[in-house]
2 protein chains.
Amino acid sequence: MSESGKVYLVGAGPGAPDLLTLRAARLIERADVLFHDALVHPEVIALARHAIVIPVGKRCGRHSTAQRFINKRLVDAAREHAVVVRLKGGDPMLFGRAQEEIDALEAAGIDYEVVPGITAALAASAHLGTSLTQRGSARSVAFVTPRIGEGHDPAEWVHPLIASDAGAIYMGVGQAAEIAQRLIGAGMSERTPLVIVENASLPDARRFYGTLASLPALGAREMRGPAIILIGSQFVERVTEADAAFTTSAVAA
Amino acid sequence: MSESGKVYLVGAGPGAPDLLTLRAARLIERADVLFHDALVHPEVIALARHAIVIPVGKRCGRHSTAQRFINKRLVDAAREHAVVVRLKGGDPMLFGRAQEEIDALEAAGIDYEVVPGITAALAASAHLGTSLTQRGSARSVAFVTPRIGEGHDPAEWVHPLIASDAGAIYMGVGQAAEIAQRLIGAGMSERTPLVIVENASLPDARRFYGTLASLPALGAREMRGPAIILIGSQFVERVTEADAAFTTSAVAA
């Protein structure tokens with residue numbers, strides 16, 4: 001292991017460059033090689049002073065660069081360079097597919113370290129001023145990503161959402177109609193409040209309030225960036241004085 | 001609103017001072033008044049260059065200072081100072097009781113902003129090198145905190161854990177025996193792997209692997225700092241070369 005460099009799997013956070021951690025910023029500054037996802041902010045990448053910068057372009061869960069090829073490049077980079085940073089949007093360990101890279105690094109005997117990042121649901125919750133958990137009324141929150149279509153058991157994401165007081169649905173906006181249909185079909189009330197938060201933490205963040213019944217219409221809007229669905233009784237529309245200017249709302253069906 | 005200052009509800013992250021976000025660090029440096037929980041690292045508090053520093057001592061969910069009194073102090077501080085920072089361990093919106101403070105600030109017409117932080121489960125997952133979600137096998141994760149005793153419905157935390165592929169149990173180690181009993185009683189296998197991570201992200205972090213059957217014994221150990229339970233099939237003991245020196249394991253009953 002002493003002959004190879006070290007790979008840092010680093011969470012870049014939800015989008016805003018100043019929501020990077022201090023540790024992440026220092027590692028990027030020291031990096032010899034920087035691999036990054038498509039959604040990482042250019043100002044974050046610009047922190048890399050002398051690194052070879054390699055975009056690996058995964059976007060919204062789709063593989064632009066095959067995972068196995070990324071794994072191999074990480075291993076190869078660590079064999080030639082001391083500090084290899086693999087920058088992922090949000091947190092590496094929550095819908096970040098870090099495990100496949102970790103397993104590849106371990107198999108190759110490469111030293112690694114994971115640096116956590118702010119995940120999208122927390123940035124969205126902060127943006128709204130509405131807690132994911134609330135004393136008394138919301139004691140649990142499920143983080144899921146839906147897989148829809150043949151061969152996939154909807155129970156794997158429907159049941160956690162039904163059983164929990166609140167939910168954060170990652171990479172779901174493109175499948176909004178199916179999500180609403182499945183959850184209503186499983187017994188969740190059509191009137192369950194929810195909100196789509198787009199570009200959470202960025203200056204152009206937007207929020208779209210609705211209910212499970214109006215989710216298909218909300219999800220059909222054109223999104224300008226990554227979006228997350230937060231669902232639960234606390235996500236009724238809250239309009240404060242400061243919000244009013246940029247809040248967009250939807251009327252429940 | 002223009003006559004009052006602004007209150008920033010800021011996540012201090014899981015413990016390590018360099019897991020603070022850049023935004024949080026800059027706000028603390030600018031703070032006129034800094035309110036902080038008991039678990040915030042001294043180096044983080046030391047970033048406050050000219051602030052009046054006020055510990056409000058909430059620890060592990062127990063109220064050392066009554067919440068209503070904290071709410072009032074935040075409002076009072078914002079009426080006298082421009083930048084008031086309320087620093088909370090982890091993330092303010094996930095088991096951080098931020099909503100009570102937000103509601104009080106809104107009621108008083110005080111401007112506020114929430115700055116997300118790294119939550120303990122993500123730091124624990126990073127420490128272990130084991131993802132909370134894993135493609136194929138772990139598509140959902142429930143974040144819960146158990147309330148045990150008369151008047152509390154165990155379904156509120158038991159069902160989310162049973163329905164999800166993985167779980168993060170906050171503030172649960174002190175109730176480990178009851179948690180194991182409830183989950184086994186609800187049908188979860190005694191052999192379900194889990195791990196307690198103590199002081200995640202700090203140099204003295206420890207991990208205790210086990211199963212639902214051995215959880216009571218694991219939880220009876222004396223913890224030296226805040227601890228979280230991660231449960232799910234992926235949390236079987238992983239011993240890598242680098243780990244071996246500081247891994248403590250438990251044998252499943």
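Just so we're clear, the structure is a prediction, and the values are computed from it rather than from any experiment. (Residues numbered from 1 in each chain as written. Chains lettered and ligands numbered in written order. Predicted model: local features only at pLDDT ≥ 70, side-chain atom pairs only at ≥ 80, totals over all residues. Heavy atoms only, no water.)

Q: Explain the overall build of chain A residue by residue, including any values.
A: When its secondary structure is counted, chain A shows 8 helices and 11 strands. With the C-alpha coordinates of chain A rotated into their principal frame, the extents come out at 60 × 45 × 35 Å. Within chain A, buried positions represent 57% of all 253 residues. For chain A, contacts bridging at least 24 residues in sequence account for 69% of all contacts bridging at least 6. By element, 49% of the accessible surface of chain A is carried by carbon and sulfur atoms, the whole surface being about 10,000 Å². Positive and negative side-chain charges in chain A, numbering 25 and 27 respectively, have mean positions lying 1 Å apart. (Helix = DSSP H or I, 4+ residues; strand = E, 2+ residues; numbered from the N terminus. Buried < 20%, exposed > 50% of the residue type's maximum accessible area, 1.4 Å probe, protein only. Contact = heavy atoms within 4.5 Å. Areas by Shrake-Rupley, 256 points an atom, 1.4 Å probe, with all protein chains shown as cover. Lys, Arg positive; Asp, Glu negative; His and termini not counted. Charge placed at Lys NZ, Arg CZ, Asp CG, Glu CD.)

Q: Tell me about the interface of chain A and chain B, residues and numbers included.
A: Across the boundary between the two partners, chain A contributes 61 residues, which contact 61 residues of chain B. The salt bridge partner of E156(B) is R139(A), with a shortest N-O separation of 3.9 Å. Per-element accounting of the side of chain A that touches chain B gives the leading share, 6 residues, to helix α4 (residues 98-107) of chain A. Here the side of chain A that touches chain B is composed, by residue class, of 29 nonpolar, 18 polar and 14 charged. Pairing geometry for strand β6 (residues 140-144) of chain A and strand β6 (residues 140-144) of chain B, over 5 bridges, is antiparallel. (Salt bridge = Lys/Arg side-chain N within 4 Å of Asp/Glu carboxyl O. Nonpolar A, V, L, I, M, F, W, Y, C, P; charged D, E, K, R; others polar. Pairing = 2+ DSSP bridges.)

Q: Report on unusual backbone geometry, specifying residues and quantitative values.
A: Residues and elements named next belong to chain B. In this model, N199 sits at a positive phi of 50 degrees, which is unusual for a non-glycine residue. Within the element layout of this structure, N199 appears in the loop between β8 (193-198) and β9 (206-211). At S201, a position not held by glycine, the phi torsion is positive, near 85 degrees. When you line up the elements, S201 lands in the loop between β8 and β9. What makes S201 buried here is its relative accessible area of 16%.

Q: Could you give an account of the nonpolar core, naming the residues involved and the relevant values?
A: What tends to happen in soluble globular proteins is that the nonpolar side chains get buried as a cluster. Among the nonpolar cores identified, the biggest contains 44 residues, and V85(A) and V85(B) are the most heavily contacted of them. Listing elements by their share of this core, those giving two or more residues are β1 (6-11), α1 (22-30), α2 (42-45) and β4 (83-88) of chain A together with β1 (6-11), α1 (22-30), α2 (42-45) and β4 (83-88) of chain B. Once residues lying within four places of it in the same chain are set aside, the contact partners of V85(B) are Y8(B), V10(B), L27(B), I28(B), A31(B), V33(B), L34(B) and F35(B). By size, the runner-up hydrophobic cluster in this structure holds 42 residues, among which are F95(A), L128(A), V141(A) and I118(B). (Core = buried A, V, L, I, M, F, W, Y, C linked by side-chain atoms within 4.5 Å.)

Q: Go over the sheet that holds strand β3 (residues 52-55) of chain B, please, and point to the residues and values.
A: All names here are of chain B. The strand order across the open sheet built from 5 strands is β3-β2-β4-β1-β5, with neighbouring strands paired in parallel fashion. Each edge of the open sheet carries a strand with a single partner, namely β3 and β5 (111-115). When the angles between neighbouring strand axes are averaged without regard to direction, this sheet yields 15 degrees. As defined by bridge partners, strand β2 (residues 33-36) adjoins β4 across 4 bridges and the pair is classed as parallel. Looking at the pairing, H36 lines up with L87 of β4. Against the sheet, helix α3 (residues 67-80) engages β1, β2, β3 and β4, with an angle of about 155 degrees to β4. (Axes fitted to C-alpha atoms, helices over the stretch in contact; angles between N-to-C directions.)

Q: Would you mind going over the packing of aromatic side chains in detail, with residue names and values included?
A: Residue and element names in this part refer to chain B. Applying the stated criterion across every chain, the model contains 5 aromatic pairs over all chains. For the ring pair F95 and Y170, a centre distance of 4.7 Å and an interplane angle of 40 degrees mean the geometry is tilted. Here F95 is found in the loop between β4 and α4 (98-107), whereas its partner Y170 is found in strand β7 (residues 166-170), with 75 residues between them in sequence. Residue class for Y170 comes out buried when judged on its relative accessible area of 9%. (Phe/Tyr/Trp six-rings, centres within 6.5 Å; stacked < 30°, edge-to-face > 60°.)

Q: Can you lay out the relation of the copies chain A and chain B for me, pointing to particular residues and giving the numbers?
A: Once turned by 180 degrees and shifted 0.0 Å along the axis, chain A lies on chain B with an RMSD of 0.0 Å. The transformation relating the two chain copies, once decomposed into turn and shift, fits a two-fold axis. Comparing interface residues between copies, 100% of those in chain A also lie at the interface in chain B; the contact surface is shared. (Least-squares fit on C-alpha atoms with pLDDT ≥ 70 in both.)

Q: How would you summarise the packing of helix α3 (residues 67-80) of chain A against α4(A) if you had to cite specific residues and measurements?
A: Relative placement of two packed helices is described by the angle separating their axes and the distance separating the axes. All names here are of chain A. Between α3 and α4, the least distance of the axes is 9 Å, while the angle of their chain directions is 45 degrees. Classified by the interaxial angle, the pair formed by α3 and α4 is oblique. α3 and α4 meet at a crossing whose hand is right-handed. Mapping the contact onto sequence places Q67, I70, N71, L74 and V75 in α3 and E100, E101, A104 and L105 in α4. Residues of the contact of α3 with α4, tallied by class, amount to 5 nonpolar, 2 polar and 2 charged. (Parallel < 35°, antiparallel > 145°, perpendicular 65-115°, else oblique. Left-handed = near helix turned anticlockwise from the far one by under 90°.)

Q: How would you explain the pairing of β7(B) if you had to name every residue and give the values?
A: Residue and element names in this part refer to chain B. Counting buried positions along β7 gives 5 out of 5 residues, so the element sits mostly inside the fold. As defined by bridge partners, β6 adjoins β7 across 4 bridges and the pair is classed as parallel. The residue bridging V141 from the neighbouring strand is A166, located in β7. One crossover worth recording links β6 to the parallel β7 by way of helix α6 (residues 155-163), and it is right-handed. Bridge count for β7 against strand β10 (residues 227-232) is 5 bridges, and the pairing is antiparallel. By the bridge assignment, Y170 is partnered in β10 with I228. (Right-handed = clockwise from strand over helix to strand, strands pointing away.)

Q: Describe helix α5 (residues 120-128) of chain A, with residues and values.
A: Since the α-helix packs 3.6 residues into each turn, any two residues three or four apart lie on the same face. For α5(A), a buried count of 7 out of 9 residues is recorded, marking the element as mostly surrounded by other parts of the structure. Close packing links the buried residues of α5(A) with β6, β7 (166-169), β8 (193-198), β9 (206-211) and β10 (227-232) of chain A together with β5 of chain B.

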